[in-house]
Amino acid sequence: MLGSESWKIFDSSDQPGSGRTRASLTRTEIETGMSVVEALRGIAHDIQTKPTLAAKVTALRKHSRVLGWEILGIIGMVPFATQSYLLYRRLAAGQDQIPVTLTRDLRYGPMPRNRLDVYRRARSESAGVTSSEAGAEPIVLFVHGGVWASGSKWHYAKMASRLAEEGITTCVAEYTLFPEATTDRMAEEVGLALDWVVDNCVEGQNKKTVVLVGHSAGAHLCAMTVVQRSRRPGAYVPAFVGIAGVYDIARHYDYEESRNVHHLSTMKRAVGGPDAFAGQSPAVLLRQREGDVSCGRLRVHLMASRSDVTVPHLQSVDLHDLLLERGCPEVTLSLYDDVGHGDFIVEWVPRERVGSGRGRELPPHAAELVETILSSSSPRLSSSRSTMT
């Protein structure tokens, strides 16, 4: 069993070339990732419940301030979104110099958003790579966040293409969003996507090459998928990397309420209301159904930041500690300072462009994710992940 050695703590400001500034941190602090449409619906519902005109006006003023910060956060993301979209279009057309191929809109299920994109490292005919060698490469299924109500595959083109450059086949999935689905259905769709990846991307029987990665709400859905599968004998349970995830819904709702964003956030509605909080919380399921969960089958690495004001790092710390208490042998945690909630996704850069000869270094949290995926997907290296210094 792991003790404190299963923790890694990073101070990004100490890293050479990190270039972190207070301005960039402030930008990511106001990125809540909420769906503006659903936020407006939540505000309208709250105002309607107020008994007097004065109370309605007070609520409107309060919500307007919070929504204003949300809109500023969205505006601040425009450059990143533009870069991601243009890169996505270039890769899809085969016009970008990054040595990555993109196959779009592969269907893994019956619903309209049951689609995924596959990013692979481009191979020249002279490389001499056999199909068996290609099949041994790590495979990531990435599940996006967005408060269960927003997010598109192209948003993650920068991250996915860099992972592919590192030799990691990366599948980026969409799933049905709220209000068309609640989180139980979303988790089922993540399971369908995982089955598709195993059936279509894995060579032979080497399922250990598959790593399930999720960010924010996507990490919650991945954790639900892994916990539920660990309770079913014979079900395939992949390695799981959770980035700034929500694992205890009730506790996070209390946090949202303390920040006065609980009416804007779609979380309460997306999970099905307070009565569903416990059943949609991976941490609660682990506490309540200890005997049903086969912890020996879980391989989990959690990443979080103590500067994250959208999802507190304690969500990851508590899940890490709980898994250790349950006797899970391969559970690790990396904590960062000075990394915002969105930074885990937006701070990815290409490694190289064909003919340029210029490499691009990743920030520490992105480099850590690459290292973790490469280690977790290798049976030869996976045991080394149980001790982190």
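Residues numbered from 1 in each chain as written. Predicted model: local features only at pLDDT ≥ 70, side-chain atom pairs only at ≥ 80, totals over all residues. Heavy atoms only, no water.

Student: Any chance you could explain the pairing of strand 4 (residues 139–143) here in plain terms?
Tutor: Across a regular strand the side chains alternate sides, sitting on one face of the sheet and then on the other. Within strand 4, five of the five residues are buried, which leaves it mostly tucked inside the rest of the structure. Of the two faces of strand 4, both are covered, the one formed by Ile-139, Leu-141 and Val-143 as well as the one formed by Val-140 and Phe-142. Two elements, strand 4 and strand 5 (residues 169–173), share five bridges in a ladder whose sense is parallel. Paired with Phe-142 across the bridge in strand 5 is Val-172. For the crossover that starts at strand 4, traverses helix 6 (residues 157–165) and ends in the parallel strand 5, the hand is right-handed. Where strand 4 lies against strand 6 (residues 210–215), five bridges are found, and the strand directions are parallel. Of the residues in strand 6, the one forming a bridge with Phe-142 is Val-213. (Buried < 20%, exposed > 50% of the residue type's maximum accessible area, 1.4 Å probe, protein only. Helix = DSSP H or I, 4+ residues; strand = E, 2+ residues; numbered from the N terminus. Pairing = 2+ DSSP bridges. Right-handed = clockwise from strand over helix to strand, strands pointing away.)

Student: Looking at this structure, how should I read unusual backbone geometry?
Tutor: What is expected of a backbone is that most residues other than glycine have negative phi and most peptide bonds are trans. A cis amide bond, omega 15°, links Phe-178 with the succeeding residue Pro-179. Along the chain, the position of Pro-179 falls in the loop between strand 5 and helix 7 (183–201). Look at Asn-260: it is not a glycine, yet its phi comes out positive at around 65°. Its place among the elements puts Asn-260 in the loop between helix 9 (249–258) and helix 10 (267–271).

Student: Which parts of the structure should I look at to understand helix 6?
Tutor: In an α-helix, one turn spans 3.6 residues; hence positions three or four apart end up facing the same way. The buried fraction of helix 6 amounts to nine of the nine residues, a majority that puts the element mostly inside the structure. Along helix 6, the residues that are buried comprise Ala-157, Lys-158, Met-159, Ala-160, Ser-161, Arg-162, Leu-163, Ala-164 and Glu-165. Following helix 6 by one or two positions, Gly-167 has its phi on the positive side, about 90°.

Student: What is the right way to look at the pairing of strand 9 (residues 330–337) in this model?
Tutor: For strand 9, the buried fraction is high: six of the eight residues fall into the buried class. Across seven bridges, the pairing between strand 8 (residues 299–305) and strand 9 is parallel. Bridge pairing in strand 9 links His-301 to Thr-332. Remark: the strand 8/helix 12 (residues 314–325)/strand 9 crossover connection has right-handed handedness.

Student: Even after reading the chapter, I still don't get empty space enclosed by the protein, so can you show me in this structure?
Tutor: By rolling a water-sized probe across the atoms, one finds the places where empty space is left. A complete count under the given rule lists three cavities of 30 Å³ or more for this structure. If you add up the space inside the second largest cavity, you get close to 70 Å³. Every residue along the wall of the second largest cavity is listed here: Ala-223, Val-226, Val-227, Phe-240, Pro-282, Leu-286, Leu-298, Val-300, Leu-319 and Leu-323. Taken together, the elements giving at least two residues each to the lining of the second largest cavity come down to helix 8 (217–230), helix 11 (282–288) and helix 12. Top element by residues in the lining of the second largest cavity is helix 8. It accounts for three residues. For the lining of the second largest cavity, the class distribution of residues is ten nonpolar, no polar and no charged. (1 Å grid on protein atoms, 1.4 Å probe; cavity = no way out; pocket = protein on both sides within 12 Å on 5 of 7 lines; lining within 4 Å. Points joined across faces, edges and corners; volume = space filled by probe spheres on them. Nonpolar A, V, L, I, M, F, W, Y, C, P; charged D, E, K, R; others polar.)

Student: For this particular structure, what's the right way to read the environment of His-263?
Tutor: Note on placement: His-263 falls in the loop between helix 9 and helix 10. In the structure, His-263 is positioned 216 residues away from Ile-47 in sequence and 9.9 Å away in space, judged by C-alpha atoms. Polar contacts involving the side chain of His-263 include one to the side chain of His-262, which spans 3.2 Å. (Polar contact = N/O pair within 3.5 Å; in protein donor to acceptor, adjacent residues only side chain to side chain.)

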